[in-house]
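If you want the building blocks of each chain, they are given just below.
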Amino acid sequence: MSYQRPKGTNDILPGESEKWQFVEETARLVFRDYQYNEIRTPIFEHFEVIARSVGDTTDIVSKEMYDFYDKGERHVTLRPEGTAPIARSYVENKLFGPEYNKPYKVFYVGPMFRYERPQKGRLRQFHQIGVEAFGSANPATDVETMAMAMDFFKQLGLSQLRLVINSLGDKETRKNYRQALIDYLSPHEAELSDDSKRRLHENPLRVLDSKDKRDQQFVADAPSILDYLSPEAKAHFETVITMLDALDIPYEIDSNMVRGLDYYTHTIFEIMSEAPKMGAQATICAGGRYDHLVEELGGPQTPGFGFAMGLERLLITMEAEEVVIPALNELDAYVVGLGEATNLEALKVVQAIRNFGFSADRDFMNRKAKAQFKSADKQGARLVLTLGENELAEQVINIKSMASRIEKQFKLADLYDHFDEIYDEMTTILIKQGEEE
């Protein structure tokens, strides 16, 4: 029997994993500049935490959760997104206490799970990078967070991006708009998809999010939520727009954008890739404000703002824009051992080099000299150290700089005591050569 990975999952192999590390490290550096710290929550959560936060009528809860009863008959689910578990942690650990900075800013990196039809950039186990800021109702938090997302993409080398924003307003806005939407859609109810017929009375805003062709013709002419904003919601959104303009961040407003989760209020946004090869999977980052989620989970009234981005889709975008990822696996030294007798000494040499803080590798397969030199070259070693049985007898080792092609012999004792000095000497020869010329 041949075993294969479960449907909708991927093995991230060496060669590919370095790209992931580059993206994750860039996120850590950029987010730290904005004073975000990392949080890690469990990969499974109580079903109720997700259902209460995300909304019972959303596709995530009604169709896509990997939920099950564990051996203690507890209803648990693999987490489908990052915000609800973090809000639960914020409440449980009383991170709203006076001893913590406001806003309380965290970021996360990790796998999420949704049972849906796998397609390019959309898997059943997928990975997200996201941020959450708790405690600030200031529109400047909305704008700073969107600016941080754009900054992160810029650091990655992405430029073909489009920021799209909308407002979902406050509770008063939603109430008025909900009724306007029902009044508009009800005459067309018979022509809507089955999902939208159900959503029309449960949660009509969900209809705007429908990907079904039958629904989209009606969605196109639906009333705009921006016409129903309460005075407070209107003031908040206008301030967001003023601040984006002040920072020279280009954006578009799309009044039909609703995002697929129930907890959003006020500002929501998506960042799309404009790279020609991206096609339909163009949204690479999405988020917004959620001012009632913390109290929904039993905490004090606490405004929040955050975003998430899918790592798989982000890597596809980087490929589409032909972003060059810097090589991370640099090799300082490769030790070539010739003959069985050198096996022990080659091991000592390679470990000594590592103990000085350098990266080193050696041959373990007893291959001929030519094959070992080829490996050193392929791995991009800066120095190649050759140890044969004659060198072993004389307690010396030959060291060659691959850049200058200059080769020198050193005593093994000196290598064990001063490899850092030898490395400096052999790697600066090329600079001196250039100066002499």
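A quick note: this is a predicted structure, and the numbers were derived from the prediction, not measured.

1. A few points about the UniProt feature "binding site: L-histidine" (unreviewed entry) in the protein
On the UniProt side, "binding site: L-histidine" (unreviewed entry) is annotated at positions that read Glu 81, Gly 82, Thr 83, Arg 114, Gln 128, Glu 132, Arg 259, Tyr 263 and Tyr 264 here. Looking at the element boundaries, Glu 81 is found in the loop between strand 4 (75–78) and helix 4 (83–92). Looking at Glu 81, its side chain comes within polar contact range of the main-chain nitrogen of Thr 83, at 3.3 Å. Here Gly 82 lies in the loop between strand 4 and helix 4. With a relative accessible area of 4%, Gly 82 lands in the buried category.

2. Quick look at the environment of Ser 167
Secondary-structure assignment places Ser 167 in strand 7 (residues 161–167). Residues Ser 167 and Ile 422 lie 255 residues apart in sequence; the distance between their C-alpha atoms is 62 Å. Among residues more than four places away in sequence, those in contact with Ser 167 are Ile 225, Leu 226, Leu 229, Phe 237, His 266 and Thr 267. A distance of 3.0 Å separates the side chain of Ser 167 from the backbone nitrogen of Gly 169, its partner in a polar contact.

3. Focus on the domain arrangement of the protein
Segmentation of the protein into domains returns domain 1 (16–170 + 230–321) and domain 2 (333–427). For domain 1 versus domain 2, the distance between C-alpha centres works out to 49 Å.

4. Focus: the pattern of salt bridges
All chains considered together, the criterion is met by 25 salt bridges. Close ionic contact of Lys 19 with Glu 16 constitutes a salt bridge, the shortest N to O distance being 3.4 Å. The class of Glu 16 is partly exposed, set by a relative accessible area of 32%. Residue Arg 289 is joined to Asp 291 by a salt bridge in which the shortest nitrogen-to-oxygen separation is 3.0 Å. Note on Asp 291: relative accessible area 11%, which makes it buried. Three or more residues joined by partner-sharing salt bridges are found here, namely Glu 25, Arg 28, Glu 38 and Arg 40.

5. Focus on the side chain of Glu 391
Position of Glu 391 among the secondary structure elements: in helix 15 (residues 389–394). Lys 400 provides the closest opposite charge to the buried, salt-bridge-free Glu 391, at an N-O distance of 13 Å. Look past the residues within four positions of Glu 391 in its chain and what remains in contact with it is Thr 386, Val 396 and Asn 398.

6. Some points on the environment of Arg 362
Looking at the secondary structure, you find Arg 362 in strand 13 (residues 360–362). You can call Arg 362 buried: its relative accessible area is 8%. Once the C-alpha coordinates of Arg 362 and Gln 372 are considered, the two residues, ten residues apart in sequence, prove to be 8.3 Å apart. In this structure, Arg 362 is in contact with Tyr 334, Val 335, Asn 343, Ala 346, Leu 347 and Val 350, ignoring residues within four places of it in sequence.

7. Concerning helix 12 (residues 311–320)
Across the ten residues of helix 12, eight count as buried, placing the element largely inside the fold. All buried positions along helix 12 are accounted for by Leu 311, Glu 312, Arg 313, Leu 314, Leu 315, Thr 317, Met 318 and Ala 320. In the stretch just after helix 12, Glu 322 is the one whose phi turns positive, near 55°.

8. Details of the environment of Glu 202
Its place among the elements puts Glu 202 in helix 7 (residues 194–202). With 127 residues separating them along the chain, Glu 202 and His 75 place their C-alpha atoms 24 Å apart.

9. Concerning the packing of aromatic side chains
Applying the stated criterion to the full structure yields 19 aromatic pairs. Measuring from ring centre to ring centre gives 6.0 Å for Tyr 90 and Tyr 104, while their planes differ by 55°; the resulting arrangement is tilted. Taken as a pair, Tyr 90 in helix 4 and Tyr 104 in strand 5 (residues 104–113) lie far apart in primary sequence, 14 residues in all. When its relative accessible area of 1% is taken as the criterion, Tyr 90 is described as buried. A ring pair is formed by Phe 134 and Tyr 290, whose centres lie 6.1 Å apart and whose planes are at 70°; its orientation type is edge-to-face. Taken together, the residues Phe 134 in strand 6 (residues 125–134) and Tyr 290 in the loop between strand 10 (283–289) and helix 11 (293–296) connect sequence positions 156 residues apart. For the pair Phe 134 and Tyr 290, one class covers both residues: buried. Sitting above the plane of the Tyr 115 ring, Arg 124 keeps its charged end 4.0 Å from the centroid. We note Arg 362 situated over the ring of Phe 364; from NZ or CZ to the ring centre the distance is 4.5 Å.

10. Concerning the side chain of Asp 332
The residue Asp 332 is located in the loop between helix 12 and strand 12 (333–337) in this model. Among the polar contacts listed, one links the side chain of Asp 332 to the backbone nitrogen of Ser 359, at a separation of 2.9 Å. Discounting residues that sit within four places of it in the chain, Asp 332 has contacts with Phe 358, Ser 359, Arg 382, Leu 383 and Tyr 423.

11. Topic: helix 5 (residues 139–156)
The end-to-end C-alpha distance of helix 5 is 26 Å, a good match for the 26 Å that 18 residues give at a rise of 1.5 Å each. Counting buried positions along helix 5 gives 13 out of 18 residues, so the element sits mostly inside the fold. Capping the start of helix 5, Asn 138 holds a side-chain oxygen 2.8 Å from the backbone nitrogen of Ala 140, two or three residues further along. Gly 157 occupies a position one or two residues after helix 5 and carries a positive phi of about 100°.

12. What to know about the pairing of strand 11 (residues 304–310)
Taking burial as the measure, the seven residues of strand 11 include six buried ones, the bulk of the element. Here seven bridges tie strand 6 to strand 11, and the two strands are oriented antiparallel to one another. When the sheet's bridge partners are listed, Val 131 is paired in strand 11 with Phe 307. In this structure, strand 10 lies alongside strand 11, joined through four bridges in antiparallel fashion. Within strand 11, the residue paired with Ala 286 across the bridge is Ala 308.

Thresholds, definitions, all that
Residues numbered from 1 in each chain as written. Predicted model: local features only at pLDDT ≥ 70, side-chain atom pairs only at ≥ 80, totals over all residues. Heavy atoms only, no water. UniProt positions renumbered as here; feature names shortened; annotations may be inferred. Helix = DSSP H or I, 4+ residues; strand = E, 2+ residues; numbered from the N terminus. Polar contact = N/O pair within 3.5 Å; in protein donor to acceptor, adjacent residues only side chain to side chain. Buried < 20%, exposed > 50% of the residue type's maximum accessible area, 1.4 Å probe, protein only. Contact = heavy atoms within 4.5 Å. Domains from an automatic or database assignment. Salt bridge = Lys/Arg side-chain N within 4 Å of Asp/Glu carboxyl O. Lys, Arg positive; Asp, Glu negative; His and termini not counted. Phe/Tyr/Trp six-rings, centres within 6.5 Å; stacked < 30°, edge-to-face > 60°. Lys NZ or Arg CZ within 6 Å of the ring centre and 35° of its normal. Expected span 1.5 Å × (residues − 1). Pairing = 2+ DSSP bridges.

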